[in-house]
Amino acid sequence: MRHLLSIEDLDRAAIEHILDRAKSFTEVSEREIKKVPALRGRRVLNLFYEASTRTRSSFELAAKALSADVVNFAAGGSAVEKGESLKDTVQTLSAYRPDLIVIRTPHVGAAHLVARWTDAGVVNAGDGKHEHPTQALLDVYALRDRIGSLDGASIWIVGDVLHSRVARSCIHAYLKMGARVTVCGPPTLIPRDMEALGCDVEYTLDRLHEADVVYALRMQNERMSDSFVPSLREYAARYQIDGSRLAPGQVLMHPGPVNRGVELAAEVIDSPQAIIGQQVAAGVVVRMAVLYELLAGRGAAQPAAPSIAAVPA
Amino acid sequence: MTLDARPAAPANLLIRGAYVLDPRAGIDAVLDVLVRGGEIAELGSDLTAPDDVEVVDGEGRHLFPGFVDPHVHLRTPGQEHKETLESGTRAAAAGGYVTVVAMPNTEPVVDSASVLLSLREQARREARVPVGFVAAVTRGLGGEALTEMAELRDAGALGFTDDGKPVHRAGILRKALQYQRLAGGVLCLHEEDPTLSGRGVMHEGAVSARLGLAGIPSVSESTLIARDAALAGYEDGRIHIQHLSARESVEAVAAAKARGVRITAEASPHHLTLTDQALLEQLDTRLKMNPPLRAEEDRDALVTGLREGTIDCIATDHAPHAREEKEVPFEEAPMGTTGLETAFAALYTELVLPGVLPLALVVDKLSAGATLLDLPVPAIERGRPADLCLVDLDAEWEAGEHGYESRADNCCFAGRTLRGRVVATVAAGAVAYRERVLA
């Protein structure tokens, strides 16, 4: 495995391999000295063209826990603001000989492009509204921890599917892990022909009780301006997951950051059914596993990790 | 004469033994074609070559009437880093085209007689094949105020278009249709309702849902065609629909034709041969154009529309862009693919060879665009100017990443193996292109 660009590239065995690796790293996070030398001397570059708190910091923590050197490169305050193209930026930064570039951009396919322009491995930390593969991996990890196997589980993804890279990566990941996926939201926020991804589509929460897992998406304020929904009030009235809609036994997930009182009511966020905190915690170990899989096998120092994704040049 | 080209010596050629196919003239036979002083002097068997005439071996090759493209972007003036009149018409000649018609969305926009006249003068210095120009419908393509259409016609505008944008206000288009009675010239329409296409970058459907890219729905095109056909019918105006891409659009044009509206339509080689599935193989910015590559049912409807005559002609919408402009993420890249140098080969490979369309139909539609602009359609007939292209149908070649006559290499067919290669083009009686062959 050279890059992690999308969940679509992975098969079930590859996902399980990463998650099993992540499991083996949980012990590191519980040590007093939260560090192992697995990636000592490796250079990881975080290249973020969009604001990010948890993704960037968890990649940084993951890299440091494996003793890699990390440089954070934010687009603001850099040559990017002077009009440097993505290609030039990547080629310039590649001159620093990074072993891995973790990239987030607002543009679909940008991570794939970067992979063509650099010798470093590339991890997609979000490319526009396309995919966010490590989010889906950590979600599967956290969910496996709670319910065991995903085989046969019914997972509802509720909210703004149209603008969500998390939704797309999660649909692929959950389906590959044997779950059934239903996306639910206002018709304005569900892409046309979404069923082609293999999921079901619902426009109301009437059958939400059939779900084993409810995955709420973040509802962004800016969606009001384009009339995707008439008001947050109406959205919340129809789609908010609250104590009356969340059935006992259902697991509640959310990729964060949560808009309290919009997509989720306060009482469910704080209920034991929610595993939102576990998702965040899983972020570090899953990203450690991804970094390890991509880097430990490269070069002569470590035994080669099994290849889990072929990426076209 | 409203076409311009740099002066070139009239050709004296005897093309011997080529398979001559001119569907309109009803020629479909192996013949010798004698060109003297740039005119087709004789057609027959075993013609003898006069002393001053070069003999071209046509054996095993096909000779067609040269192609006419009613829709290209030559980027001049103002964007010569993408294409020039010289490079664009060289690309045309290499693709078998003997006439191309340039769109006015340049910098400045071709919206006044002075810009048009200076452009025509430049064409008389640079153009390798005759080039014609259509002028803008509205000043600065702003969609608000009509250009001086009558004066532009006097200055040589073949027609009018705001191509790249729709004429969004129905009231402005209606006035242009009324004014057409005075000025003449067809109105060529880019049909796209921007309130539906929004920030879309590809066809809206299963592929855009998968990629998370904003979609351009088919109805953004067909609804505006329906509106404009209604206006043209009401004003008895003449409109031409550019680059049809969707099944619904073919239906809208067919319905208007059935009602007697004076409407014609074009389709591009890429819309006739590719679909949005190509974007799943690689999210390549060369596959980004407006209108976008659509679904298989759309492509199929376009092919049927071409076969049945709903679509009148093939136009490339040759849209060159500089490499650095296309070497960016998909959503950031400008719309457009080049097309002049691959048009025939793409259509021959994808539609003629598999038996979907007859060769004669494709050859006919590749020059039929002349009609809508009131230009003579090239014909292989005695006494006509030699507008010819000689093609090796067996030649297999790979559309390259680079190496085009065009300044640009953003060709959506790059990397594909194509059959059929233009080996020579004679445009307006002069040799415009000859394949370079290394011995």
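S.K.: Run through the overall build of chain A, naming residues and quoting values.
M.R.: Looking only at helices and strands, chain A has nine helices and nine strands in total. Its C-alpha radius of gyration of 19 Å places chain A within 12% of the 20 Å reference for a compact globule of 313 residues. Seen along its three principal axes, the alpha-carbon backbone of chain A occupies a region of about 55 × 45 × 35 Å. Within chain A, the fraction of its 313 residues that count as buried is 47%.

S.K.: Run through the overall build of chain B, naming residues and quoting values.
M.R.: Within chain B one finds 15 helices and 18 strands. Across the 439 residues that make up chain B, the buried fraction comes to 61%.

S.K.: Describe the interface of chain B and chain A, naming the residues involved and giving the relevant values.
M.R.: Taken together, the contact between chain B and chain A spans 18 residues of the former and 21 residues of the latter. Among the elements that take part in the side of chain B that touches chain A, helix 6 (residues 206–211) of chain B stands out by supplying five residues, more than any other. Grouping the amino acids of the side of chain B that touches chain A by side-chain chemistry returns eight nonpolar, four polar and six charged.

S.K.: Any details on helix 9 (residues 276–295) of chain A? Residues and values, ideally.
M.R.: All names here are of chain A. Its 20 residues place the ends of helix 9 29 Å apart at the C-alpha level, agreeing with the 28 Å of an ideal helix rising 1.5 Å per residue. The sharpest bend along helix 9 reaches about 30 degrees and sits at G283. Across the 20 residues of helix 9, 15 count as buried, placing the element largely inside the fold.

S.K.: Let's hear about helix 7 (residues 219–235) of chain B: which residues, and what values?
M.R.: Residues and elements named next belong to chain B. The end-to-end C-alpha distance of helix 7 is 24 Å, a good match for the 24 Å that 17 residues give at a rise of 1.5 Å each. By the burial criterion, the buried members of helix 7 are S220, E221, S222, L224, I225, D228, A229, L231 and A232. Among the residues trailing helix 7, D236 stands out with phi positive, at a value near 50 degrees.

S.K.: How would you explain the sheet that holds strand 15 (residues 313–314) of chain B if you had to name every residue and give the values?
M.R.: Residues and elements named next belong to chain B. A sheet is described by the order of its strands in space; here five strands give the open sequence 9-10-13-14-15, paired in parallel fashion. Pairing within the sheet leaves two strands with one partner each, and these edge strands are strand 9 (159–161) and strand 15. Both strand 14 (residues 262–267) and strand 15 contribute to a ladder of two bridges, which runs parallel. For E266, the partnering residue across the bridge sits in strand 15 and is C313.

S.K.: Mind laying out the packing of helix 5 (residues 133–147) of chain A against helix 9 of chain A, listing which residues take part and the relevant values?
M.R.: Residues and elements named next belong to chain A. Put simply, helix 5 and helix 9 touch, their axes get as near as 8 Å, and they point 120 degrees apart. Classified by the interaxial angle, the pair formed by helix 5 and helix 9 is oblique. Helix-helix and strand crossings are classified by hand; for helix 5 and helix 9 the assignment is right-handed. For the pair formed by helix 5 and helix 9, the contact residues are T134, L137, L138, D139, Y141, A142 and D145 on the first element and Q278, Q279, A282, G283, V286, R287 and V290 on the second. Looking at the contact of helix 5 with helix 9, its residues break down into seven nonpolar, four polar and three charged.

S.K.: A description of the environment of N410 of chain B should follow, citing residues and the corresponding values.
M.R.: All names here are of chain B. Here N410 lies in the loop between strand 16 (388–398) and strand 17 (417–427). Given 27 C-beta atoms within a 10 Å radius, N410 is considered buried. Spatially, the C-alpha atoms of N410 and D284 are 9.8 Å apart, while their sequence positions differ by 126 residues. Apart from the residues within four sequence positions on either side, N410 is in contact with R286, P320, H321, K326, G336, T337 and T338.

S.K.: Outline the nonpolar core, supporting the account with residue identities and numerical values.
M.R.: Formed by 139 residues in total, the largest nonpolar core has its most connected members in V129, F133, F160 and V426 of chain B. Here this core takes eight residues from helix 13 (residues 343–352) of chain B, the largest share from any one element. Setting aside residues up to four positions removed in sequence, V426 of chain B forms contacts with A11, V35, A386, D387, L388, V431 and A432 of chain B. Among the nonpolar cores identified, the runner-up in size contains 98 residues, and V122, L162, M177 and M253 of chain A belong to it.

Cut-offs applied
- For every chain, the first residue of the written sequence is number 1, and numbering continues from 1 along that sequence.
- Each chain takes a letter, starting from A, and each ligand takes a number, starting from 1, following the order in which they are written.
- For a predicted model such as this one, the threshold for reporting local features is a pLDDT of at least 70, and the threshold for listing and counting side-chain atom pairs is 80 or more; totals across whole chains, interfaces and linings nevertheless cover every residue.
- Where helices and strands are cited, they refer to DSSP runs of H or I of at least four residues and of E of at least two residues respectively, numbered from the N terminus.
- We compute the radius of gyration from the C-alpha atoms alone; for a globule the expected value is 2.2 Å times N to the 0.38, where N is the number of residues.
- Every C-beta atom is placed from the backbone, and the number of other C-beta atoms within 10 Å of a residue's own sets its class: buried at 20 or more, exposed at 12 or fewer, partly exposed in between.
- It is the C-beta atoms, placed from the backbone, that decide contacts: two residues are in contact if theirs lie within 7 Å.
- When residues are sorted by character, Ala, Val, Leu, Ile, Met, Phe, Trp, Tyr, Cys and Pro go into the nonpolar class, Asp, Glu, Lys and Arg into the charged class, and all the rest, Gly among them, into the polar class.
- Given the number of residues in a helix, its expected span is that number minus one, multiplied by 1.5 Å.
- Across the chain, bend at a residue is computed as the angle between axes fitted to the seven residues ending at that point and the seven starting from it.
- When DSSP finds two or more bridges between two strands, those strands count as paired.
- Only the stretch in contact is used when a helix axis is fitted, and all axes are lines through C-alpha atoms; the angle between N-to-C directions ranges over 0 to 180 degrees.
- If an angle is under 35 degrees, it is roughly parallel; if it is over 145, roughly antiparallel; if it lies from 65 to 115, roughly perpendicular; otherwise it is oblique.
- Left-handed is the label given to a crossing in which the near helix is rotated counterclockwise from the far helix by less than a right angle, and right-handed is the label when the rotation is clockwise.
- Linking buried Ala, Val, Leu, Ile, Met, Phe, Trp, Tyr and Cys residues through C-beta atoms within 7 Å yields a set, and such a set is a nonpolar core.

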